[in-house]
Amino acid sequence: MDKFDRHILALLRSNARLSVAAIAREVNLSRSAVSDRIRQLESHGTILGYHAQLASPQQPVKAFLELFYSESRCEQFAEQMRAFPEIKRCSSISGDTDMLVYIEASSMDRLSEIRTAIEQFPKMQRVKTHMVMKEWDFH
């Protein structure tokens, strides 16, 4: 692979729909030379295919809520959480926090609505929000 092949690959990475003529102008080779190089890159397995990059639907807003309450049991609050389909997981945990709640909401407004509703639960003392900024999947 030489500098021409690397340049062709860079152009195709940025826009797989570039015409052979446009690539040829950019790398300063003839159209037939570029076509031959692309065919070789495909036959050697360097280029495995051409893909469309699709706009993803709006990503959910993900957050963890730390719940602090008095005189109640986790089971009681966990049952109340079932009213919100956005709540994916409730965990009773050790330490100062009574419960950790994982939410995937459609928007910040919806997350705020859920949080406000939880704050109104009887015996709820405090709700602390932690926004998910980035995730790493290890599966």
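A brief report on the enclosed structure follows. (Residues numbered from 1 in each chain as written. Predicted model: local features only at pLDDT ≥ 70, side-chain atom pairs only at ≥ 80, totals over all residues. Heavy atoms only, no water.)

## Side note on the sheet that holds strand β2 (residues 87–92)
Pairing in this open sheet of 4 strands is antiparallel, and the strands run β2-β3-β1-β4 from one edge to the other. Of all strands in the sheet, those bounded by a partner on one side alone are β2 and β4 (124–131). In this sheet, neighbouring strand axes are inclined to one another by 20° on average, regardless of whether the strands run parallel or antiparallel. Each of β1 (61–69), β2, β3 (99–105) and β4 is contacted by helix α4 (residues 74–81), which is oriented at about 10° to β3, the strand it contacts most. Helix-sheet contacts for helix α5 (residues 108–119) involve β1, β2, β3 and β4, and the interaxial angle to β4 is about 160°. (Pairing = 2+ DSSP bridges. Helix = DSSP H or I, 4+ residues; strand = E, 2+ residues; numbered from the N terminus. Axes fitted to C-alpha atoms, helices over the stretch in contact; angles between N-to-C directions. Contact = heavy atoms within 4.5 Å.)

## Overview of the environment of serine 32
Looking at where serine 32 falls in the secondary structure, it is placed in helix α3 (residues 31–43). The partly exposed category is assigned to serine 32, whose relative accessible area is 49%. Distance from serine 32 to alanine 21, taken between C-alpha atoms, is 9.1 Å for residues 11 residues apart in sequence. A distance of 3.2 Å separates a polar atom in the side chain of serine 32 from a polar atom in the side chain of serine 30. (Buried < 20%, exposed > 50% of the residue type's maximum accessible area, 1.4 Å probe, protein only. Polar contact = N/O pair within 3.5 Å; in protein donor to acceptor, adjacent residues only side chain to side chain.)

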